[in-house]
Amino acid sequence: MGIKNFSKVLNEYAPQTNKKRIITDYKNKVIAVDTSLILYQYVSAIRNTGKDLTDNNNNSVSHIYAILQKTLSLLKKHIKPIYVFDGKAPKLKSNTIKSRKNNKNKAIENEKNAKDEKDKIKYFKRSLIITTKQFNECKKILDIIGIPYIQADGEADIVCAALVKQNIAYATLSEDIDMLTFGCCKLVKNLTKTNIITELDLSDILKGLDLNNAEFIDFCILLGCDYLDTIKGIGYKTAYKIIKEHKSIEEFIKNNSKFTIPENYDYKKVIEYFKQTDKINIKKDKLKFNKSDVITLGKELEKYNFNSKNINIMVNAFINYSISSSIS
């Protein structure tokens, strides 16, 4: 979900913060990539055809094609990606994860019972699960093509935000707005889909909303996030008024006589969780772009039963666009 109604907040209260960039603005820049979100988007798009790409044993290889194509699309634009993989989600997110799991199970059942092809494809896309095995296979591909990645202990968002805060990456590529709540200084969206890119700058947003960072975190929690239930009756306009008046959730609750606060509304734990970014120490010297091992890449793609034409295309592409240098 990210942060509920955040786009409405910006459009109404800080429209000037929706900066438009062009692709050449990111030439030679390092970009942190939220791997899970990007793969789900790409593989879901592949499923528009009504099926996955598969090997000779009918195992999906859509994720392999996705990680290669996404990387190539960035390298061709002279953008240097660092992929970040999710680790274990926090207990704070258990309700969200349970809800997502239930939705996927419903989608699987609905796909089985779909009466027409359009509905079948719709539920096929919604039932998508990328397994740990598949994520590990993507890591192996990245090792082969010389692209650095980080396996987060927890959620990738925190590491992505840290990469930007520590000036290792210029921005994070993600559609997940709560990257900003974690302190990610710059967030870019639609980086390879169009020549016009949306860039969100946290400092500009804070200025536009006239909030400091602590107030911003509290505001995002009131809007609704993955880690805590919302308070009934508080929409984005009311949430903004509350933070502007009371400056914090704590002061709001002390003075509240109108809204029913849910039981176990442990906002303080969520606030501390959003501050985890500052505890991450990334060793920059271990993040290196290496020359693609195109011979091994060809052999690996043969194992996944890619046809010879596609293998040659991929191999030649990575000969032309591979990077061999440290993070600058």
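Numbering of residues begins from 1 in every chain and follows the order in which that chain's sequence is written. Local features in a predicted model are, by the rule used here, given only for residues with pLDDT of at least 70; side-chain atom pairs are given and counted only at 80 or more, and totals for whole chains, interfaces and linings are based on all residues. The side-chain numbers reported here are obtained from all heavy atoms of the structure, hydrogens and water having been left aside.

*Asks:* Is there a simple way to think about the overall build of the protein chain in this case?
*Replies:* Comment: elements are numbered from the N terminus, with helices defined as DSSP H or I runs of at least four residues and strands as E runs of at least two. Within the protein chain, the secondary structure is distributed over 15 helices and nine strands. Only C-alpha atoms enter the radius of gyration, while the globule expectation follows 2.2 Å times N to the 0.38, with N the number of residues. In terms of C-alpha radius of gyration, the protein chain reaches 21 Å, essentially the compact-globule figure of 20 Å for 328 residues. By its C-alpha atoms, the protein chain is 70 × 50 × 35 Å across when sized along the principal axes. Classification of residues uses two cut-offs on accessible area relative to the type maximum, computed with a 1.4 Å probe and protein chains only: under 20% is buried, over 50% is exposed, and between them is partly exposed. Across the 328 residues in the protein chain, those meeting the buried criterion constitute 49%. Residue contacts are defined here by distance: any two heavy atoms, one from each residue, within 4.5 Å place the two residues in contact. Look at the contacts in the protein chain between residues 6 or more apart in sequence, and 72% of them connect residues 24 or more apart. Surface summary for the protein chain: the accessible area is close to 16,800 Å², and the carbon and sulfur share equals 47%. The centroid of the 55 positive side-chain charges in the protein chain is displaced by 3 Å from the centroid of its 38 negative side-chain charges. With residues, only the protein chains shown are counted as cover, and all accessible areas are computed by Shrake-Rupley using a 1.4 Å probe. Positive charge is attributed to Lys and Arg, negative charge to Asp and Glu, and no charge count is given to His or to the chain ends. The atom standing in for a charge is NZ when the residue is Lys, CZ when it is Arg, CG when it is Asp and CD when it is Glu.

*Asks:* For this particular structure, what's the right way to read the layout of surface pockets?
*Replies:* Empty space among the atoms becomes visible once a probe the size of a water molecule is rolled across them. In this analysis, the protein atoms alone were mapped onto a 1 Å grid. Cavities are point sets where a 1.4 Å probe fits without being able to get out; pockets are open sets with protein on both sides within 12 Å along at least five of seven lines; lining residues have an atom within 4 Å of a point. Grid points are joined across faces, edges and corners, and a volume is the space filled by probe spheres set on the points. By volume, the largest pocket is sized at about 1,300 Å³. For the lining of the largest pocket, the elements supplying multiple residues, two or more each, are helix H2 (35-46), helix H4 (94-113), helix H5 (117-126) and helix H6 (132-145). The biggest single contributor to the lining of the largest pocket is H4, with six residues. Three residue categories are used. Nonpolar comprises Ala, Val, Leu, Ile, Met, Phe, Trp, Tyr, Cys and Pro, charged comprises Asp, Glu, Lys and Arg, and polar comprises the others, including Gly. Class assignment for the residues of the lining of the largest pocket results in ten nonpolar, eleven polar and 14 charged. Taken as a whole, the second largest pocket encloses approximately 360 Å³ of empty space.

The values are spatial; any link to function lies outside them.
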